[in-house]
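Letter by letter, the chains look like this.
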Amino acid sequence: MTEPDLPDPQGALQLPQHNAVQEPARDGPVERERNAHPVRVAMLAPPWIPVPPPGYGGIEYVLTLLCDALVERGNDVELFCAPGSHSKATVRPLLSAPHPEAIERSLFEADHVARAFAAFDEASASGHPFDLVHDHCGYTPLAMADRQELPLVHTVHGPFDRDTSEFYDHHGSKGGLICISRSQAGYAPAGANVVAVVHNPIDVDAWPVGYQKQDYLLWLGRFVPEKGPQRAIKVAKAAGRPLVLAGVVQPGHERFFAQEIEPHIDGQQIRFVGEVGGARKQRLFADAYAFLMPITWPEPFGMVMVESLAAGTPVIAFNHGSAPEIIEHGKNGFLVENEDEMAAAVERTAEIAPADCRRSAERFSPHRVAAGYEAVYREAIDRGAVGHAVASHGR
Ligand code: UDP
(Lines give C-alpha, C1' and ligand atoms only; values in the text may rest on other atoms or scores of the structure.)
Protein backbone atom coordinates (compact mmCIF):
# COMPACT_ATOMS: atom_id res chain seq x y z
CA MET A 1 0.00 0.00 0.00
CA THR A 2 1.66 3.22 -1.08
CA GLU A 3 1.63 6.65 0.45
CA PRO A 4 0.84 9.78 -1.57
CA ASP A 5 3.26 11.01 -4.16
CA LEU A 6 4.29 14.53 -3.25
CA PRO A 7 6.50 16.95 -5.12
CA ASP A 8 9.51 18.39 -3.34
CA PRO A 9 8.55 21.29 -1.15
CA GLN A 10 9.31 24.73 -2.52
CA GLY A 11 10.85 25.17 0.93
CA ALA A 12 8.93 24.14 4.02
CA LEU A 13 7.98 27.11 6.19
CA GLN A 14 9.11 29.35 3.40
CA LEU A 15 6.35 30.78 1.30
CA PRO A 16 6.62 31.26 -2.43
CA GLN A 17 8.43 34.49 -3.17
CA HIS A 18 5.70 35.86 -5.43
CA ASN A 19 3.03 35.84 -2.75
CA ALA A 20 2.32 38.22 0.07
CA VAL A 21 1.43 36.23 3.15
CA GLN A 22 -0.28 37.39 6.27
CA GLU A 23 -1.30 35.54 9.37
CA PRO A 24 -3.74 36.45 12.11
CA ALA A 25 -2.03 38.14 15.02
CA ARG A 26 -0.97 35.58 17.62
CA ASP A 27 -1.88 37.95 20.42
CA GLY A 28 -3.96 41.06 20.73
CA PRO A 29 -7.53 42.10 21.20
CA VAL A 30 -9.02 40.22 18.24
CA GLU A 31 -11.03 37.99 20.56
CA ARG A 32 -14.75 38.74 20.31
CA GLU A 33 -14.09 42.05 18.55
CA ARG A 34 -16.60 43.05 15.88
CA ASN A 35 -15.43 43.54 12.33
CA ALA A 36 -15.18 47.28 11.65
CA HIS A 37 -15.99 46.62 7.98
CA PRO A 38 -18.55 43.79 7.96
CA VAL A 39 -18.52 41.62 4.89
CA ARG A 40 -21.31 39.76 3.10
CA VAL A 41 -19.85 36.33 2.46
CA ALA A 42 -21.16 33.46 0.34
CA MET A 43 -19.56 30.53 2.20
CA LEU A 44 -19.44 27.57 -0.15
CA ALA A 45 -19.19 24.24 1.71
CA PRO A 46 -18.81 20.86 -0.01
CA PRO A 47 -22.03 18.96 -0.76
CA TRP A 48 -21.10 15.71 1.00
CA ILE A 49 -21.55 16.15 4.76
CA PRO A 50 -23.77 18.51 6.81
CA VAL A 51 -22.34 21.33 8.93
CA PRO A 52 -21.64 20.53 11.76
CA PRO A 53 -20.61 16.98 10.81
CA PRO A 54 -22.35 14.15 12.70
CA GLY A 55 -19.05 12.18 12.68
CA TYR A 56 -16.09 12.41 10.30
CA GLY A 57 -15.75 15.83 8.65
CA GLY A 58 -12.74 18.10 9.12
CA ILE A 59 -13.79 20.80 6.62
CA GLU A 60 -17.33 20.82 8.00
CA TYR A 61 -16.05 21.24 11.55
CA VAL A 62 -13.90 24.20 10.47
CA LEU A 63 -16.94 25.72 8.74
CA THR A 64 -19.07 25.27 11.86
CA LEU A 65 -16.69 27.36 13.93
CA LEU A 66 -15.71 29.86 11.24
CA CYS A 67 -19.32 30.71 10.24
CA ASP A 68 -20.44 31.18 13.85
CA ALA A 69 -17.45 33.39 14.68
CA LEU A 70 -17.85 35.50 11.54
CA VAL A 71 -21.54 36.08 12.33
CA GLU A 72 -20.77 36.89 15.99
CA ARG A 73 -18.29 39.47 14.72
CA GLY A 74 -21.04 41.20 12.71
CA ASN A 75 -20.51 39.77 9.23
CA ASP A 76 -23.42 38.62 7.05
CA VAL A 77 -22.73 35.01 6.09
CA GLU A 78 -24.82 32.64 3.97
CA LEU A 79 -23.68 29.04 4.07
CA PHE A 80 -24.26 27.04 0.87
CA CYS A 81 -24.02 23.48 2.12
CA ALA A 82 -25.41 19.96 2.41
CA PRO A 83 -28.96 19.56 3.77
CA GLY A 84 -29.22 18.88 7.50
CA SER A 85 -26.80 21.73 8.32
CA HIS A 86 -27.16 24.19 11.20
CA SER A 87 -25.27 27.43 11.71
CA LYS A 88 -25.48 30.98 13.00
CA ALA A 89 -25.04 31.84 9.32
CA THR A 90 -28.08 31.69 7.04
CA VAL A 91 -28.19 28.06 5.95
CA ARG A 92 -28.77 27.48 2.22
CA PRO A 93 -28.83 23.74 1.41
CA LEU A 94 -28.66 23.15 -2.34
CA LEU A 95 -29.18 19.43 -3.02
CA SER A 96 -31.96 17.19 -1.70
CA ALA A 97 -29.65 14.95 0.35
CA PRO A 98 -26.07 14.87 1.72
CA HIS A 99 -23.72 12.39 0.01
CA PRO A 100 -21.12 11.15 2.53
CA GLU A 101 -20.81 7.90 0.56
CA ALA A 102 -19.93 9.72 -2.67
CA ILE A 103 -17.18 12.12 -1.59
CA GLU A 104 -15.55 13.76 -4.64
CA ARG A 105 -18.12 12.36 -7.07
CA SER A 106 -18.34 15.06 -9.71
CA LEU A 107 -22.06 14.56 -10.36
CA PHE A 108 -22.94 15.98 -6.96
CA GLU A 109 -20.19 18.59 -6.88
CA ALA A 110 -21.18 20.01 -10.29
CA ASP A 111 -24.87 20.10 -9.33
CA HIS A 112 -24.12 21.77 -5.96
CA VAL A 113 -21.73 24.36 -7.40
CA ALA A 114 -23.94 25.27 -10.37
CA ARG A 115 -26.86 25.87 -8.00
CA ALA A 116 -24.64 27.98 -5.76
CA PHE A 117 -23.42 30.11 -8.68
CA ALA A 118 -27.07 30.64 -9.72
CA ALA A 119 -27.89 31.75 -6.16
CA PHE A 120 -24.99 34.25 -6.22
CA ASP A 121 -26.40 35.72 -9.46
CA GLU A 122 -29.89 35.89 -7.96
CA ALA A 123 -28.53 37.75 -4.93
CA SER A 124 -26.91 40.32 -7.25
CA ALA A 125 -30.05 40.63 -9.37
CA SER A 126 -32.19 41.18 -6.27
CA GLY A 127 -30.01 44.13 -5.21
CA HIS A 128 -28.42 42.33 -2.23
CA PRO A 129 -25.14 41.05 -3.73
CA PHE A 130 -22.45 39.14 -1.90
CA ASP A 131 -19.10 40.86 -1.44
CA LEU A 132 -17.21 37.67 -2.14
CA VAL A 133 -17.29 33.88 -2.23
CA HIS A 134 -15.28 31.86 0.27
CA ASP A 135 -14.91 28.44 -1.31
CA HIS A 136 -14.14 25.19 0.51
CA CYS A 137 -15.66 22.96 -2.13
CA GLY A 138 -13.05 20.93 -3.93
CA TYR A 139 -12.12 22.26 -7.31
CA THR A 140 -14.95 23.41 -9.55
CA PRO A 141 -15.56 26.88 -8.06
CA LEU A 142 -11.87 27.86 -8.24
CA ALA A 143 -11.48 26.46 -11.76
CA MET A 144 -14.46 28.57 -12.87
CA ALA A 145 -13.76 31.63 -10.70
CA ASP A 146 -12.68 33.78 -13.66
CA ARG A 147 -16.13 33.19 -15.21
CA GLN A 148 -18.06 34.88 -12.45
CA GLU A 149 -18.34 38.42 -11.17
CA LEU A 150 -17.57 37.96 -7.50
CA PRO A 151 -14.08 37.78 -6.03
CA LEU A 152 -13.36 34.30 -4.73
CA VAL A 153 -11.04 33.10 -2.02
CA HIS A 154 -10.39 29.39 -1.61
CA THR A 155 -9.11 27.55 1.42
CA VAL A 156 -6.76 24.77 0.36
CA HIS A 157 -7.85 21.94 2.66
CA GLY A 158 -5.82 19.15 1.06
CA PRO A 159 -2.16 18.65 0.21
CA PHE A 160 -0.40 19.98 -2.88
CA ASP A 161 0.31 16.50 -4.26
CA ARG A 162 1.20 15.71 -7.87
CA ASP A 163 -2.41 15.88 -9.10
CA THR A 164 -3.55 18.90 -7.16
CA SER A 165 -0.31 20.81 -7.80
CA GLU A 166 -0.96 20.69 -11.53
CA PHE A 167 -4.50 21.92 -10.90
CA TYR A 168 -3.37 24.78 -8.64
CA ASP A 169 -0.52 25.71 -10.97
CA HIS A 170 -3.07 26.17 -13.76
CA HIS A 171 -6.11 27.58 -11.92
CA GLY A 172 -4.62 28.81 -8.65
CA SER A 173 -4.43 32.47 -9.65
CA LYS A 174 -8.17 32.74 -10.39
CA GLY A 175 -8.78 33.45 -6.72
CA GLY A 176 -6.88 34.12 -3.52
CA LEU A 177 -5.68 30.90 -1.90
CA ILE A 178 -5.49 30.50 1.85
CA CYS A 179 -3.25 27.75 3.18
CA ILE A 180 -3.95 26.14 6.55
CA SER A 181 -0.30 25.82 7.60
CA ARG A 182 3.05 27.25 6.63
CA SER A 183 4.15 23.73 5.82
CA GLN A 184 1.35 23.32 3.28
CA ALA A 185 2.07 26.74 1.74
CA GLY A 186 5.68 25.67 1.25
CA TYR A 187 4.50 23.08 -1.30
CA ALA A 188 2.41 25.50 -3.38
CA PRO A 189 3.27 25.47 -7.09
CA ALA A 190 4.42 28.69 -8.78
CA GLY A 191 0.98 29.41 -10.31
CA ALA A 192 -0.82 29.30 -6.97
CA ASN A 193 -1.75 32.74 -5.65
CA VAL A 194 -1.30 32.02 -1.92
CA VAL A 195 -2.42 35.18 -0.13
CA ALA A 196 -2.36 34.01 3.49
CA VAL A 197 -1.80 31.25 5.97
CA VAL A 198 -4.68 30.91 8.43
CA HIS A 199 -4.63 27.91 10.76
CA ASN A 200 -7.85 25.97 11.39
CA PRO A 201 -9.95 26.84 14.46
CA ILE A 202 -10.89 24.89 17.58
CA ASP A 203 -13.46 25.97 20.17
CA VAL A 204 -11.70 24.80 23.33
CA ASP A 205 -14.67 25.71 25.53
CA ALA A 206 -16.73 23.07 23.77
CA TRP A 207 -14.30 20.30 24.85
CA PRO A 208 -14.15 18.63 28.28
CA VAL A 209 -10.60 18.40 29.68
CA GLY A 210 -9.46 15.00 30.89
CA TYR A 211 -7.39 15.37 34.06
CA GLN A 212 -7.66 11.69 35.06
CA LYS A 213 -6.18 9.72 32.22
CA GLN A 214 -6.88 6.11 31.35
CA ASP A 215 -4.05 3.92 30.08
CA TYR A 216 -4.95 3.72 26.37
CA LEU A 217 -3.30 5.46 23.45
CA LEU A 218 -5.61 6.94 20.83
CA TRP A 219 -5.45 7.14 17.06
CA LEU A 220 -8.44 8.71 15.28
CA GLY A 221 -9.00 9.62 11.65
CA ARG A 222 -9.35 8.24 8.14
CA PHE A 223 -7.81 4.78 7.75
CA VAL A 224 -5.27 5.60 5.05
CA PRO A 225 -1.56 4.71 5.02
CA GLU A 226 -0.32 8.30 5.29
CA LYS A 227 -2.21 8.89 8.55
CA GLY A 228 -0.31 5.96 10.04
CA PRO A 229 -2.81 3.75 11.91
CA GLN A 230 -0.56 0.78 11.02
CA ARG A 231 2.37 2.55 12.71
CA ALA A 232 0.23 3.41 15.76
CA ILE A 233 -0.33 -0.33 16.20
CA LYS A 234 3.44 -0.97 16.17
CA VAL A 235 4.00 1.81 18.68
CA ALA A 236 1.29 0.53 21.04
CA LYS A 237 2.79 -2.96 20.91
CA ALA A 238 6.30 -1.60 21.54
CA ALA A 239 5.06 0.58 24.41
CA GLY A 240 2.96 -2.28 25.83
CA ARG A 241 -0.16 -0.14 26.06
CA PRO A 242 -3.71 -0.55 24.74
CA LEU A 243 -4.60 1.36 21.59
CA VAL A 244 -8.03 2.60 20.58
CA LEU A 245 -8.44 3.06 16.84
CA ALA A 246 -11.41 5.22 15.80
CA GLY A 247 -12.44 6.46 12.40
CA VAL A 248 -13.72 5.81 8.94
CA VAL A 249 -12.70 3.51 6.11
CA GLN A 250 -13.54 5.54 3.03
CA PRO A 251 -14.21 4.01 -0.40
CA GLY A 252 -10.97 2.78 -2.00
CA HIS A 253 -9.23 2.08 1.32
CA GLU A 254 -10.98 -1.15 2.31
CA ARG A 255 -7.98 -3.28 1.27
CA PHE A 256 -5.54 -1.29 3.37
CA PHE A 257 -7.82 -1.68 6.38
CA ALA A 258 -8.37 -5.41 5.76
CA GLN A 259 -4.66 -6.15 5.27
CA GLU A 260 -2.83 -3.82 7.63
CA ILE A 261 -5.25 -3.04 10.43
CA GLU A 262 -7.91 -5.71 10.85
CA PRO A 263 -5.54 -8.63 11.56
CA HIS A 264 -4.20 -6.78 14.63
CA ILE A 265 -7.58 -5.98 16.19
CA ASP A 266 -8.01 -8.30 19.18
CA GLY A 267 -10.51 -6.31 21.26
CA GLN A 268 -7.94 -6.21 24.08
CA GLN A 269 -4.70 -4.44 23.30
CA ILE A 270 -5.82 -3.19 19.88
CA ARG A 271 -9.45 -2.03 19.89
CA PHE A 272 -11.42 -0.68 16.95
CA VAL A 273 -14.46 1.46 17.73
CA GLY A 274 -15.40 2.66 14.23
CA GLU A 275 -16.56 6.17 13.42
CA VAL A 276 -17.22 8.32 16.47
CA GLY A 277 -18.75 11.75 16.96
CA GLY A 278 -20.13 14.16 19.55
CA ALA A 279 -19.65 13.55 23.27
CA ARG A 280 -18.30 10.04 22.75
CA LYS A 281 -15.46 11.30 20.57
CA GLN A 282 -14.65 14.06 23.06
CA ARG A 283 -14.51 11.56 25.93
CA LEU A 284 -12.21 9.29 23.93
CA PHE A 285 -9.82 12.21 23.46
CA ALA A 286 -10.10 13.50 27.04
CA ASP A 287 -9.50 10.12 28.72
CA ALA A 288 -6.64 8.99 26.46
CA TYR A 289 -3.14 8.73 27.90
CA ALA A 290 -1.71 10.24 24.69
CA PHE A 291 -2.79 10.83 21.12
CA LEU A 292 -0.61 9.31 18.38
CA MET A 293 -0.01 11.12 15.07
CA PRO A 294 2.45 8.87 13.19
CA ILE A 295 2.30 10.73 9.87
CA THR A 296 4.98 10.34 7.23
CA TRP A 297 3.55 12.94 4.89
CA PRO A 298 3.20 16.71 5.12
CA GLU A 299 -0.28 16.72 6.69
CA PRO A 300 -1.69 20.16 5.80
CA PHE A 301 -3.16 20.76 9.28
CA GLY A 302 -4.59 17.80 11.25
CA MET A 303 -7.67 18.87 13.21
CA VAL A 304 -7.23 15.84 15.46
CA MET A 305 -4.07 17.35 16.97
CA VAL A 306 -5.82 20.52 18.18
CA GLU A 307 -8.86 18.49 19.29
CA SER A 308 -6.61 16.33 21.44
CA LEU A 309 -4.93 19.41 22.94
CA ALA A 310 -8.31 21.02 23.68
CA ALA A 311 -9.21 17.85 25.58
CA GLY A 312 -5.99 18.12 27.60
CA THR A 313 -4.29 15.15 25.97
CA PRO A 314 -0.67 15.37 24.78
CA VAL A 315 0.05 14.66 21.13
CA ILE A 316 3.02 12.58 20.05
CA ALA A 317 3.60 13.33 16.39
CA PHE A 318 6.11 12.49 13.73
CA ASN A 319 7.88 15.71 12.81
CA HIS A 320 6.16 16.28 9.45
CA GLY A 321 3.82 18.77 7.84
CA SER A 322 2.03 21.09 10.23
CA ALA A 323 3.03 19.11 13.36
CA PRO A 324 5.86 21.51 14.41
CA GLU A 325 3.46 24.47 14.01
CA ILE A 326 1.06 22.90 16.53
CA ILE A 327 3.21 20.77 18.85
CA GLU A 328 5.77 22.34 21.16
CA HIS A 329 8.17 19.56 22.05
CA GLY A 330 8.01 18.81 25.78
CA LYS A 331 5.21 21.34 26.40
CA ASN A 332 2.05 19.94 24.81
CA GLY A 333 3.47 16.76 23.36
CA PHE A 334 6.50 15.42 21.58
CA LEU A 335 7.88 15.61 18.06
CA VAL A 336 9.61 12.36 17.11
CA GLU A 337 11.22 10.82 14.04
CA ASN A 338 10.16 7.17 14.10
CA GLU A 339 8.14 4.46 15.88
CA ASP A 340 10.89 3.69 18.43
CA GLU A 341 11.10 7.33 19.46
CA MET A 342 7.31 7.48 19.61
CA ALA A 343 7.12 4.45 21.90
CA ALA A 344 9.81 6.01 24.14
CA ALA A 345 7.94 9.34 24.22
CA VAL A 346 4.79 7.57 25.44
CA GLU A 347 6.57 6.95 28.72
CA ARG A 348 7.41 10.67 29.07
CA THR A 349 3.80 11.76 28.57
CA ALA A 350 3.19 12.06 32.31
CA GLU A 351 5.59 15.04 32.30
CA ILE A 352 2.98 17.07 30.41
CA ALA A 353 0.10 18.74 32.23
CA PRO A 354 -3.38 18.52 30.65
CA ALA A 355 -3.88 22.23 31.43
CA ASP A 356 -0.80 23.11 29.34
CA CYS A 357 -2.18 21.15 26.40
CA ARG A 358 -5.49 22.92 26.72
CA ARG A 359 -3.83 26.34 26.89
CA SER A 360 -1.78 25.64 23.79
CA ALA A 361 -4.98 25.10 21.79
CA GLU A 362 -6.36 28.52 22.68
CA ARG A 363 -4.31 30.29 20.01
CA PHE A 364 -6.51 28.53 17.44
CA SER A 365 -9.63 30.27 18.75
CA PRO A 366 -12.43 30.70 16.17
CA HIS A 367 -12.45 34.49 16.63
CA ARG A 368 -8.74 34.76 15.97
CA VAL A 369 -9.13 32.61 12.87
CA ALA A 370 -12.16 34.66 11.75
CA ALA A 371 -10.10 37.86 12.14
CA GLY A 372 -7.44 36.33 9.89
CA TYR A 373 -10.06 35.56 7.25
CA GLU A 374 -11.62 39.03 7.53
CA ALA A 375 -8.23 40.53 6.58
CA VAL A 376 -8.11 38.21 3.56
CA TYR A 377 -11.68 39.11 2.57
CA ARG A 378 -10.97 42.82 2.77
CA GLU A 379 -7.94 42.51 0.52
CA ALA A 380 -9.80 40.32 -1.99
CA ILE A 381 -12.74 42.76 -2.13
CA ASP A 382 -10.43 45.73 -2.58
CA ARG A 383 -8.62 43.91 -5.38
CA GLY A 384 -11.87 42.75 -7.04
CA ALA A 385 -12.68 39.67 -9.06
CA VAL A 386 -10.10 38.25 -11.42
CA GLY A 387 -10.83 39.56 -14.89
CA HIS A 388 -13.83 41.69 -13.85
CA ALA A 389 -14.31 45.31 -12.96
CA VAL A 390 -14.81 45.71 -9.23
CA ALA A 391 -17.52 48.28 -9.95
CA SER A 392 -19.67 45.57 -11.50
CA HIS A 393 -20.82 44.36 -8.10
CA GLY A 394 -21.23 47.73 -6.54
CA ARG A 395 -17.89 48.32 -4.82
N1 UDP B 1 -13.50 12.55 12.87
C2 UDP B 1 -14.64 12.20 13.59
N3 UDP B 1 -14.94 10.90 13.74
C4 UDP B 1 -14.17 9.91 13.25
C5 UDP B 1 -13.01 10.25 12.52
C6 UDP B 1 -12.70 11.59 12.35
O7 UDP B 1 -15.37 13.08 14.07
O8 UDP B 1 -14.51 8.75 13.46
C9 UDP B 1 -13.17 13.96 12.73
C10 UDP B 1 -11.94 14.38 13.54
O11 UDP B 1 -12.28 14.55 14.90
C12 UDP B 1 -11.55 15.67 12.82
C13 UDP B 1 -11.90 15.34 11.36
O14 UDP B 1 -12.86 14.28 11.39
O15 UDP B 1 -12.35 16.76 13.25
C16 UDP B 1 -10.68 14.93 10.56
O17 UDP B 1 -9.93 16.07 10.29
P18 UDP B 1 -8.34 16.01 10.13
O19 UDP B 1 -7.90 17.40 9.77
O20 UDP B 1 -7.72 15.43 11.33
O21 UDP B 1 -8.08 15.01 8.95
P22 UDP B 1 -8.60 14.94 7.43
O23 UDP B 1 -9.36 13.68 7.34
O24 UDP B 1 -9.43 16.17 7.16
O25 UDP B 1 -7.34 14.85 6.60
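Up top is the structure these notes are about.
### Thoughts on the overall build of the protein
Link 1 in the chain: Scanning the protein for helices and strands turns up 13 helices and 13 strands.
Link 2 in the chain: For the protein, the residues scored as buried account for 58% of the 395 residues in total.
Link 3 in the chain: Put simply, 70% of the contacts in the protein that link residues at least 6 apart link residues at least 24 apart.
Link 4 in the chain: Element-wise, carbon and sulfur atoms account for 49% of the exposed surface of the protein, whose accessible area totals about 15,900 Å².

### A few points about the side chain of His 157
Link 1 in the chain: Relative to the assigned elements, His 157 resides in the loop between β5 (152-156) and α4 (162-171).
Link 2 in the chain: Side-chain polar atoms of His 157 contact the side chain of His 136, separated by 2.9 Å.
Link 3 in the chain: Sequence-distant contacts of His 157, that is, excluding residues within four places in its chain, are made with Ile 59, Val 62, His 136, Ile 180, Gln 184 and Pro 300.

### Focus on the site of the ligand
Link 1 in the chain: Near the ligand you find 16 residues, and of these Arg 222, Lys 227, Val 276, Lys 281 and Glu 307 are the closest.
Link 2 in the chain: Between the ligand and Val 304, the relevant distance is 3.3 Å, taken from an oxygen atom to a main-chain nitrogen or oxygen of the residue.
Link 3 in the chain: Calculation on the ligand without its partners gives an accessible area of 550 Å², and the protein chains cover 92% of this total.
Link 4 in the chain: Where the shell around the ligand is concerned, the elements lending two or more residues are β8 (217-222) and α9 (303-310).
Link 5 in the chain: Examining the composition of the shell around the ligand, we find that three residues originate from one element, α9, more than from any other.
Link 6 in the chain: Each residue belonging to the shell around the ligand can be placed in one class, and the counts come to five nonpolar, five polar and six charged.

### As for the pattern of salt bridges
Link 1 in the chain: A complete count under the given rule lists 14 salt bridges for this structure.
Link 2 in the chain: The salt bridge partner of Asp 76 is Arg 40, with a shortest N-O separation of 3.2 Å. In this pair, Asp 76 sits in strand β2 (residues 76-81) while Arg 40 sits in strand β1 (residues 40-44), placing the two residues 36 residues apart along the sequence.
Link 3 in the chain: Residue Arg 40 is classed as buried on the basis of its relative accessible area, which comes to 7%.
Link 4 in the chain: As a salt-bridge pair, Asp 287 and Arg 283 come within 2.9 Å of each other at their nearest N and O atoms. In this pair, Asp 287 and Arg 283 both sit in helix α8 (residues 278-287), four residues apart, roughly one turn of the helix.
Link 5 in the chain: By relative accessible area, Asp 287 is classed as buried at 14%.
Link 6 in the chain: On the basis of relative accessibility, which here comes to 39%, the residue Arg 283 falls in the partly exposed class.
Link 7 in the chain: Shared partners join several salt bridges into a network, and the residues in it are Arg 40, Asp 76, Glu 78 and Arg 92.

### Overview of the nonpolar core
Link 1 in the chain: In this structure, Ile 202, Leu 218, Leu 243, Leu 292 and Ile 316 are the most contacted members of the largest nonpolar core, which totals 64 residues.
Link 2 in the chain: With six residues, the single largest contributor to this core is α9.
Link 3 in the chain: With 30 residues, the next largest nonpolar core counts Ala 42, Ala 123, Phe 130 and Val 197 among its residues.

### Brief notes about the packing of helix α6 (residues 229-239) against helix α11 (residues 339-348)
Link 1 in the chain: As a packed pair, α6 and α11 sit with axes 9 Å apart at the nearest point and diverge in direction by 50°. In terms of their interaxial angle, α6 and α11 are classed as oblique. When you trace α6 past α11, the crossing you get is right-handed. Here Arg 231, Lys 234, Val 235, Ala 238 and Ala 239 of α6 come into contact with α11, specifically with Glu 339, Met 342, Ala 343, Val 346 and Glu 347.
Link 2 in the chain: Classifying every residue of the contact of α6 with α11 gives six nonpolar, no polar and four charged.

### Quick look at the sheet that holds strand β3 (residues 90-93)
Link 1 in the chain: Strand order across the open sheet formed by seven strands is β3-β2-β1-β4-β5-β6-β7, with parallel pairing between neighbours. A strand with exactly one partner marks an edge of an open sheet, and here the two such strands are β3 and β7 (194-197). Averaged over all adjacent pairs, the angle separating strand axes in this sheet is 25°, with direction ignored.
Link 2 in the chain: In terms of strand pairing, β2 meets β3 through four bridges, oriented parallel. Within β3, the position partnered with Phe 80 by the bridge is Arg 92.
Link 3 in the chain: Helix α13 (residues 366-383) rests against β1, β4 (132-135), β5, β6 (176-179) and β7 of the sheet, and its axis sits at about 135° to β4.

### Observations regarding helix α12 (residues 354-361)
Link 1 in the chain: Within the span of α12, buried status applies to Pro 354, Cys 357, Arg 358, Ser 360 and Ala 361. The buried side chains of α12 occupy one side of the element, clustering within an arc of 160° when seen end-on.
Link 2 in the chain: Considering only its buried residues, α12 is in contact with α9.

### Thoughts on the environment of Val 39
Link 1 in the chain: Its place among the elements puts Val 39 in the segment before β1.
Link 2 in the chain: You can call Val 39 buried: its relative accessible area is 2%.
Link 3 in the chain: A sequence separation of 91 residues divides Val 39 from Phe 130, and the C-alpha atoms of the two residues are 8.2 Å apart.
Link 4 in the chain: The residues touching Val 39, leaving out its near neighbours within four places in the chain, are Asn 75, Asp 76, Asp 131, Leu 132, Tyr 377, Arg 378 and Ile 381.

Each value, and the rule that gives it
Residues numbered from 1 in each chain as written. Predicted model: local features only at pLDDT ≥ 70, side-chain atom pairs only at ≥ 80, totals over all residues. Heavy atoms only, no water. Helix = DSSP H or I, 4+ residues; strand = E, 2+ residues; numbered from the N terminus. Buried < 20%, exposed > 50% of the residue type's maximum accessible area, 1.4 Å probe, protein only. Contact = heavy atoms within 4.5 Å. Areas by Shrake-Rupley, 256 points an atom, 1.4 Å probe, with all protein chains shown as cover. Polar contact = N/O pair within 3.5 Å; in protein donor to acceptor, adjacent residues only side chain to side chain. Near = heavy atom within 4 Å. Nonpolar A, V, L, I, M, F, W, Y, C, P; charged D, E, K, R; others polar. Salt bridge = Lys/Arg side-chain N within 4 Å of Asp/Glu carboxyl O. Core = buried A, V, L, I, M, F, W, Y, C linked by side-chain atoms within 4.5 Å. Axes fitted to C-alpha atoms, helices over the stretch in contact; angles between N-to-C directions. Parallel < 35°, antiparallel > 145°, perpendicular 65-115°, else oblique. Left-handed = near helix turned anticlockwise from the far one by under 90°. Pairing = 2+ DSSP bridges. Arc of directions from axis to C-beta.

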